[in-house]
Amino acid sequence: MTHITRRRFGTLLASTAAASTLAAPAVLSAAKMRLAIIGGGPGGATAARYVAKGSKDVAVTLIEPKHHFTTCFFSNLYLGGFRTLDSITHSYGTLAAQYGVNMVHDVAVDVDRAGKTVKLGRGTDIGYDRLVVSPGIEMRYDTIEGYSAEASTAMPHAWQAGTQTATLKKQLEAMDDGGVVVVAPPPNPFRCPPGPYERICMIAHYLKANKPKSKIMVLDAKNKFSKQALFQEAWASHYDGMIEWLPEEVTGGVKAVKADSMEVVMDDETVKAAVANVIPAQAAGIIAKRAGLTNDGGWCPIDPHSMRSKTDENVFVIGDASVASAMPKSGFSANSQAKVAANAILADLTGSKKFPAKFRNTCWSLVATNDGVKVGADYKGGDAKIEVTSKFISKTGEAADLRAQTAEEANGWYAGITKDMFG
Ligand SMILES: Cc1cc2nc3c(=O)[nH]c(=O)nc-3n(C[C@H](O)[C@H](O)[C@H](O)COP(=O)(O)OP(=O)(O)OC[C@H]3O[C@@H](n4cnc5c(N)ncnc54)[C@H](O)[C@@H]3O)c2cc1C
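Residues numbered from 1 in each chain as written. Predicted model: local features only at pLDDT ≥ 70, side-chain atom pairs only at ≥ 80, totals over all residues. Heavy atoms only, no water.

What to know about the overall build of the chain
Point 1. Secondary structure summary: the chain contains 12 helices and 24 strands in total.
Point 2. Here the C-alpha atoms of the chain give a radius of gyration of 21 Å, agreeing with the 22 Å that 2.2 N^0.38 yields for 423 residues.
Point 3. Along the first, second and third principal axes, the C-alpha set of the chain runs to 65 × 45 × 35 Å.
Point 4. Out of the 423 residues belonging to the chain, those deemed buried represent 57%.
Point 5. Within the chain, counting contacts between residues at least 6 apart in sequence, those at least 24 apart form 68% of the total.
Point 6. Of the roughly 17100 Å² of accessible surface on the chain, a fraction of 51% belongs to carbon and sulfur atoms.
Point 7. Across the chain, the mean location of the 47 positive side-chain charges is 6 Å away from that of the 42 negative side-chain charges. (Helix = DSSP H or I, 4+ residues; strand = E, 2+ residues; numbered from the N terminus. Rg over C-alpha atoms; globule rule 2.2 N^0.38 Å. Buried < 20%, exposed > 50% of the residue type's maximum accessible area, 1.4 Å probe, protein only. Contact = heavy atoms within 4.5 Å. Areas by Shrake-Rupley, 256 points an atom, 1.4 Å probe, with all protein chains shown as cover. Lys, Arg positive; Asp, Glu negative; His and termini not counted. Charge placed at Lys NZ, Arg CZ, Asp CG, Glu CD.)

Below, the structure written as structure tokens:
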């Protein structure tokens, strides 16, 4: 599993300490400037690759406990039967072999910002001149009574791809025809705003073909959502009568869960689920808080021209953990922010040219076979925050061939962006 909960932090420490097969970090040339990166997801992997290919004078160390990374993007397509887990899982081999990135498979447990060192689970310290923090998200289990890392094995959030996603798929395959699948999307801000609604489409696609008497009940923590008109059009045209979306103003949102009895509790109603996909509120990954980089909301404020932390000029925060204002928390955003940060880091460490910050994002969603929709924007570093310069969104009622083209475009994007991240 990608995600590191507070509870798992200790367990991870113990297991990484015991993992004698892990290679020790390579000894780096003393003459080189040092970049350390915490987290090998879309943000961290892209930053590692771009700084490493940008200068031979910067030694790049990427700290990531996992040896393979399964992307959340396209994990909904795995639930729908359009992708295998293998096809969305990537190795760090090319970053190490072709770009000379020093891979350290361990957990960063603390950051000494005054001493410019990252403390690892196995006890080693990694020194740095600049640090990138890209740990993704932490699940705020405490926002739903009865929910926890343990309860999530029975009621998976599947909001970090890997084991959780595989569990959710197995549960869908095991349930009886005629059961109720509860999907509980989280409150804002959260990773991938269209993600829960694409997931509803992909679960419906699977159920329609395999368990057509089943229903999906969506117990939303919000009253509106990304690409709403497009998703609701798709629900009516492809999965008529199967999906019931209940906004927060109707149910009050999910207040508690009882994993033993598979019950989901709202203000005035309790639903018994065959499968419950409960996605709680989120915050920046724990290490960001431990490093003192978060605000009261649990996210990391940044300078919109560089992704430099507002707390520490030697630290950059990218990806989901950052406060990137208008940009959604997406893999595309993390990749785009990583390139802006890489340019600023190379300027700091090697004196190379710093370009004005430009960002880009598009979120594609597959709603049915050969039916894709998208929303996206270009951005720039503004006076106080990242600002939109232009934007677009698919329209309802588009022709089938345009939708098929959008779905195909997403496949091309996946191949290209994962190569840009992992080499
Ligand atoms: C269902 C779903 C569908 C999605 N679809 C899309 C999509 O179509 N397009 C899109 O662009 N985005 C999509 N996303 C969003 C996208 O997956 C995230 O925005 C993206 O993964 C964020 O990248 P990141 O690098 O910030 O964090 P992550 O991907 O979470 O990577 C963080 C990494 O840091 C590591 N880490 C954490 N703490 C530590 C520590 N203390 N020490 C060392 N390592 C640590 C973790 O192991 C992890 O590998 C989707 C998300 C979901 C859940």
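Re the packing of helix 2 (residues 42-54) against helix 12 (residues 400-422)
Point 1. Running from N to C, helix 2 and helix 12 cross one another at 60°; their axes reach a closest spacing of 6 Å. Between helix 2 and helix 12, the angle falls in the class oblique. From helix 2, Pro 42, Ala 45, Thr 46, Arg 49 and Tyr 50 reach across to helix 12, where they touch Lys 419, Asp 420, Met 421 and Phe 422.
Point 2. By residue class, the composition of the contact of helix 2 with helix 12 is five nonpolar, one polar and three charged. (Axes fitted to C-alpha atoms, helices over the stretch in contact; angles between N-to-C directions. Parallel < 35°, antiparallel > 145°, perpendicular 65-115°, else oblique. Nonpolar A, V, L, I, M, F, W, Y, C, P; charged D, E, K, R; others polar.)

A short note on the confidence of the model for the chain
Point 1. Looking at the chain as a whole, its pLDDT mean stands at 94, while 93% of the residues score no less than 70.
Point 2. Confidence over residues 1-29 falls short of pLDDT 50; this stretch has 50 contacts with residues more than four positions distant or in other chains. (pLDDT = per-residue confidence, 0-100.)

With respect to the pairing of strand 1 (residues 33-38)
Point 1. Pairing geometry for strand 1 and strand 2 (residues 58-63), over six bridges, is parallel. Residue pairing across strands places Leu 35 opposite Val 60, the latter belonging to strand 2.
Point 2. The handedness of the strand 1 to strand 2 crossover, carried by helix 2, is right-handed.
Point 3. As judged from the four bridges shared by strand 1 and strand 9 (residues 130-133), these two strands associate in the parallel manner. Residue pairing across strands places Ile 38 opposite Val 133, the latter belonging to strand 9. (Pairing = 2+ DSSP bridges. Right-handed = clockwise from strand over helix to strand, strands pointing away.)

Some thoughts on the sheet that holds strand 6 (residues 108-112)
Point 1. The three strands lie next to each other as 6-7-8, forming an open sheet whose pairing is antiparallel. Whereas interior strands pair on both sides, the edge strands pair on one side only; in this sheet they are strand 6 and strand 8 (125-127). With strand direction ignored, the average angle separating the axes of adjacent strands in the sheet is 25°.
Point 2. Pairing geometry for strand 7 (residues 117-120) and strand 8, over three bridges, is antiparallel.

Quick look at the pattern of salt bridges
Point 1. Within this structure, the stated rule accounts for 18 salt bridges.
Point 2. Linking Asp 106 and Arg 122 is a salt bridge whose minimum nitrogen-to-oxygen distance equals 2.9 Å. Pair noted here: Asp 106 is in the loop between strand 5 (102-104) and strand 6 and Arg 122 is in the loop between strand 7 and strand 8, with a separation of 16 residues, a long-range link.
Point 3. With relative accessibility at 0%, the residue Asp 106 sits in the buried group.
Point 4. Since its relative accessible area comes to 26%, Arg 122 is described here as partly exposed.
Point 5. Within the structure, one salt-bridge network assembled from shared partners comprises Glu 233, Asp 371, Glu 398 and Arg 403. (Salt bridge = Lys/Arg side-chain N within 4 Å of Asp/Glu carboxyl O.)

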